[in-house]
Amino acid sequence: MSPFMKFFLFLYDYLSPSSFFLVQRNTLGASLDTTDGVVRSGIIGEIIYIWKQTRIFVFIPILKCLVTICLVMSLLLFIERVYMSIVVVFVKLLRRTPEKVHKWEPINDDDLELANTNYPMVLIQIPMYNEKEVCQLSIGAACRLSWPLDRMIVQVLDDSTDPASKELVNAECDKWARKGINIMSEIRDNRIGYKAGALKAGMMHNYVKQCEFVAIFDADFQPDPDFLERTIPFLIHNHEISLVQCRWKFVNANECLMTRMQEMSLNYHFVAEQESGSSIHAFFGFNGTAGVWRIAALNEAGGWKDRTTVEDMDLAVRACLHGWKFVYVHDVEVKNELPSTFKAYRFQQHRWSCGPANLWRKMTMEILQNKKVSAWKKLYLIYNFFFIRKIVVHIFTFVFYCLILPTTVLFPELQVPKWATVYFPTTITILNAIATPRSLHLLVFWILFENVMSMHRTKATFIGLLEAGRVNEWVVTEKLGDTLKSKLIGKATTKLYTRFGQRLNWRELVVGLYIFFCGCYDFAYGGSYFYVYLFLQSCAFFVAGVGYIGTFVPTV
């Protein structure tokens with residue numbers, strides 16, 4: 001018998017319930033051995049007896065409690081996902097497009113003398129920080145918007161510290177200024193408040209006072225020329241609407257498997273979460289870009305605040321509490337880039353998970369004490385929007401699928417119903433996959449990848465809830481633009497061991513080892529094929545742990 005199998009047989013003998021009887025047998029038989037043997041057998045028997053008692057009266061009750069909590073979370077998540085899907089289905093079947101629900105008419109420009117005055121003044125803000133790879137794309141796209149030149153101001157909020165980035169931004173602004181575009185490059189001497197601070201400073205300039213609406217685009221976003229023509233009419237004809245949010249379209253979704261996984265998750269976010277929120281509650285979280293705000297509503301809500309790393313969501317919730325309504329326009333897409341390196345994606349997900357949890361902590365009482373919105377909307381904000389979608393989903397995914405389920409193979413006393421392990425997850429996964437039909441064949445990879453990322457999201461969620469060390473950490477999501485096209489990976493001279501060392505992620509490796517151990521135990525002693533999932537999931541953690549996920553751009 002191999003040493004590997006002997007090791008697992010030893011564990012099985014001493015961890016399984018039947019080991020207690022072996023202890024009694026060994027203890028009773030100890031008197032037949034030598035004195036040293038009696039002492040040795042007695043000590044081992046005491047240790048095993050203590051372990052058995054600890055297992056029965058400590059570990060199993062705690063694990064059963066955790067399983068019960070996870071089952072409740074699973075039910076809540078299932079109800080939430082099905083509810084959103086039903087709403088979206090009815091919206092599609094009844095053809096309740098935003099143009100039919102709200103008044104929408106194109107801006108009248110038939111009268112040549114009054115044509116331009118019919119167009120409201122629009123401010124276009126483009127915040128950026130050391131994003132030389134993509135800054136020219138966003139500035140160029142904003143300047144090409146189909147809107148009267150005297151009714152539009154392009155404001156580039158450049159917080160860059162990199163000289164090359166500054167030079168590119170200045171050159172691009174000068175190029176469009178020579179073409180007659182009213183473009184302003186605003187530079188701060190600090191980064192206080194990060195993106196929120198830049199947007200807030202941009203709104204304080206005197207020329208902004210003449211603007212009625214503000215469109216915001218991150219540095220990698222490229223709106224189509226008709227963007228304003230399709231969104232501004234919602235704000236002109238519906239004075240209760242403060243925000244028009246548009247959908248993201250990913251230009252590099254096919255770059256690697258990781259970007260395909262992101263596309264699946266974000267498509268579901270827009271198709272289900274944003275669509276259902278807009279249709280039923282006239283509220284959803286502002287995505288921070290590809291949207292147009294009514295400046296009066298923005299100011300009434302208190303403007304931009306930097307108390308969390310999700311200044312966009314903060315503003316949206318405060319505007320909602322002042323009675324303003326939002327509309328999501330699914331048919332208007334804005335091209336942008338997904339983070340294609342694993343490091344950049346982890347930083348982004350930390351901010352997107354930590355910020356909402358921290359904002360929920362800060363705003364719960366403010367929501368409850370608000371007098372301008374109904375109790376129904378307060379419940380939706382606190383429970384559906386924050387608690388289920390921003391807190392429970394991350395914690396449940398990691399704790400249940402990556403910790404509790406693997407542990408059940410070591411504790412046969414734990415029983416998890418099939419609806420929680422098969423039926424509910426399968427339904428939720430199918431609902432998510434429908435949003436990206438072209439990626440149905442990647443469903444298994446998406447499940448494994450999301451479980452890996454849930455570890456980072458859970459960590460960030462607890463940091464936000466507890467306001468721990470990295471709660472206000474802001475790292476700009478790295479976008480590569482044409483970097484991959486200009487850097488020839490084949491000519492990279494970086495040593496293999498250096499590259500490998502830079503990629504190691506020890507947290508993923510530790511979790512992967514634990515799941516792999518549980519898979520081996522289940523393979524040896526389990527009565528089902530659960531080890532197949534455990535081995536696949538451990539492999540996903542190992543792949544992420546050694547950094548072989550996403551795109552790698554060598555330094556040359």
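Residues numbered from 1 in each chain as written. Predicted model: local features only at pLDDT ≥ 70, side-chain atom pairs only at ≥ 80, totals over all residues. Heavy atoms only, no water.

### Concerning the overall build of the protein
Of the regular secondary structure elements, the protein holds 19 helices and seven strands. Within the protein, buried positions represent 53% of all 556 residues. At a minimum sequence separation of 6, the contacts of the protein that also span at least 24 residues come to 82%. Approximately 25,900 Å² of the protein is accessible, and the part contributed by carbon and sulfur atoms is 63%. (Helix = DSSP H or I, 4+ residues; strand = E, 2+ residues; numbered from the N terminus. Buried < 20%, exposed > 50% of the residue type's maximum accessible area, 1.4 Å probe, protein only. Contact = heavy atoms within 4.5 Å. Areas by Shrake-Rupley, 256 points an atom, 1.4 Å probe, with all protein chains shown as cover.)

### Quick look at the packing of aromatic side chains
How two aromatic rings sit relative to each other is set out by the distance from centre to centre and by the angle between their planes. In the structure shown here, the tally under the stated rule is 31 aromatic pairs. The interplanar angle of 70 degrees and the centroid separation of 5.1 Å between the aromatic rings of Phe-217 and Phe-227 together place this pair among those described as edge-to-face. In this pair, Phe-217 sits in the loop between β4 (213-216) and α8 (227-237) while Phe-227 sits in helix α8, placing the two residues ten residues apart along the sequence. Residue Phe-217 is classed as buried on the basis of its relative accessible area, which comes to 1%. Ring plane angle 80 degrees and centroid distance 5.0 Å describe the contact between Phe-385 and Phe-386, whose orientation is recorded as edge-to-face. Summarising the burial analysis for this pair, Phe-385 and Phe-386 share the class buried. For the cation-ring pair, Arg-351 lies above Trp-474, with the distance from its terminal atom to the ring centre recorded as 4.4 Å. Cation over ring: Lys-390 sits above Phe-385, and NZ or CZ is 5.1 Å from the ring centre. (Phe/Tyr/Trp six-rings, centres within 6.5 Å; stacked < 30°, edge-to-face > 60°. Lys NZ or Arg CZ within 6 Å of the ring centre and 35° of its normal.)

### Some words on the UniProt feature "transmembrane region" (unreviewed entry) in the protein
The UniProt record annotates "transmembrane region" (unreviewed entry) at residues 56-79, 391-411, 423-449, 504-524 and 530-553. Strand forms 0% of residues 391-411 and helix 86%; the C-alpha atoms that close the span are 28 Å apart. Between the end C-alpha atoms of residues 504-524 the distance is 30 Å, and the span holds 90% helix and 0% strand. (UniProt positions renumbered as here; feature names shortened; annotations may be inferred.)

### Some thoughts on helix α13 (residues 375-408)
Since there are 3.6 residues in each turn of an α-helix, residues three or four apart along the chain are aligned in direction. Across its 34 residues, α13 extends only 41 Å between first and last C-alpha, which sits more than 12% below the 50 Å expected from 1.5 Å per residue. At Phe-387, α13 shows its maximal kink, close to 50 degrees. (Expected span 1.5 Å × (residues − 1). Bend = angle between axes of the 7 residues up to and from the residue.)

### Looking at the pattern of salt bridges
For the coordinates displayed, the defined rule picks out 20 salt bridges. With its nearest N and O atoms 3.9 Å apart, the salt bridge here joins Glu-467 to Arg-361. Of the two residues, Glu-467 sits in the loop between α15 (443-466) and α16 (483-486) while Arg-361 sits in helix α12 (residues 342-369), which places them 106 residues apart along the sequence. On the basis of relative accessibility, which here comes to 34%, the residue Glu-467 falls in the partly exposed class. (Salt bridge = Lys/Arg side-chain N within 4 Å of Asp/Glu carboxyl O.)

### Considerations on the environment of Ile-391
As for its placement among the helices and strands, Ile-391 is situated in helix α13. C-alpha separation for the pair Ile-391 and Ala-357, spaced 34 residues apart in sequence, amounts to 6.4 Å. When sequence neighbours within four positions are dropped, the list of residues in contact with Ile-391 reads Ala-357, Trp-360, Phe-386, Thr-461 and Leu-465.

### A few points about helix α6 (residues 163-178)
Across its 16 residues, α6 extends 23 Å between first and last C-alpha, which sits within 8% of the 22 Å expected from 1.5 Å per residue. Phi turns positive one or two residues past the end of α6, at Gly-180, with a value near 95 degrees.

### With respect to the environment of Met-121
Structurally, the position occupied by Met-121 is in the loop between α4 (98-101) and β1 (122-128). Here Met-121 falls in the buried class, since its relative accessible area comes to 7%. Distance in space between the C-alpha atoms of Met-121 and Val-208 is 9.2 Å, their sequence separation being 87 residues. Those residues in contact with Met-121 that lie beyond four places of it in its chain are Asp-150, Arg-151, Met-152, Ile-153, Gln-210, Cys-211, Glu-212 and Phe-213.

### Some details on the confidence of the model for the protein
When pLDDT is averaged across the protein, the result is 88; 87% of the residues are at 70 or more. Across residues 17-35, confidence stays below pLDDT 50; counting only partners more than four residues off in sequence or on other chains, it has 17 contacts. Contacts of residues 485-498 to residues separated by more than four positions or lying in other chains number eleven contacts, the stretch itself having pLDDT below 50. (pLDDT = per-residue confidence, 0-100.)

### What to know about a nonpolar patch on the surface
A surface patch of nonpolar side chains, amounting to about 610 Å² of accessible area, comprises Ile-56, Phe-57, Val-58, Phe-59, Ile-62, Leu-66 and Ile-69. Owing to a relative accessible area of 38%, Ile-56 belongs among the partly exposed residues under this scheme. (Patch = residues over 30% accessible without salt bridge, like charges linked within 9 Å, V, L, I, M, F, W, Y side chains within 5 Å.)

### Some details on the packing of helix α9 (residues 257-281) against α15
Helix-helix packing is characterised by the crossing angle of the two axes and by the distance between the axes. At a minimum axis separation of 10 Å, α9 and α15 run at an interaxial angle of 85 degrees. Judged by the inter-axis angle, α9 sits roughly perpendicular to α15. Contacts between α9 and α15 pair Leu-257, Met-258, Met-261, Met-264 and Ser-265 from the former with Leu-443, Phe-445, Trp-446, Phe-449 and Glu-450 from the latter. Split by residue class, the contact of α9 with α15 holds eight nonpolar, one polar and one charged. (Axes fitted to C-alpha atoms, helices over the stretch in contact; angles between N-to-C directions. Parallel < 35°, antiparallel > 145°, perpendicular 65-115°, else oblique. Nonpolar A, V, L, I, M, F, W, Y, C, P; charged D, E, K, R; others polar.)

### Re the sheet that holds β1
Judged by pairing direction, the sheet is mixed, and its seven strands sit side by side in the order β3-β2-β1-β4-β6-β5-β7 without closing on themselves. The strands lining the two open edges of the sheet, one partner per strand, are β3 (183-187) and β7 (325-336). For this sheet, the mean inter-axis angle between neighbouring strands, taken without regard to orientation, is 20 degrees. Here β1 pairs with strand β2 (residues 152-158) via seven bridges, running parallel. If you follow Pro-127 over to β2, its bridge partner there is Leu-157. (Pairing = 2+ DSSP bridges.)

### As for the nonpolar core
Ile-124, Ile-139, Val-154, Phe-227, Leu-228 and Trp-293 are the most contacted members of the largest nonpolar core, which has 140 residues in total. In terms of residues, this core owes the most to one element, α13, which gives 18 residues. Met-84, Val-88, Val-271 and Ala-272 belong to the second largest nonpolar core, which has six residues in total. (Core = buried A, V, L, I, M, F, W, Y, C linked by side-chain atoms within 4.5 Å.)

### With respect to the packing of α15 against helix α18 (residues 506-525)
Relative orientation of the contacting elements α15 and α18 amounts to 120 degrees, with a least axis distance of 11 Å. When the interaxial angle is binned, α15 and α18 end up oblique. In the crossing of α15 with α18, the sense of the turn from one axis to the other is right-handed. Along the contact surface, α15 presents Val-452, Met-455, His-456 and Lys-459, while α18 presents Arg-507, Glu-508 and Val-511. Among the residues forming the contact of α15 with α18, the class breakdown is three nonpolar, one polar and three charged. (Left-handed = near helix turned anticlockwise from the far one by under 90°.)

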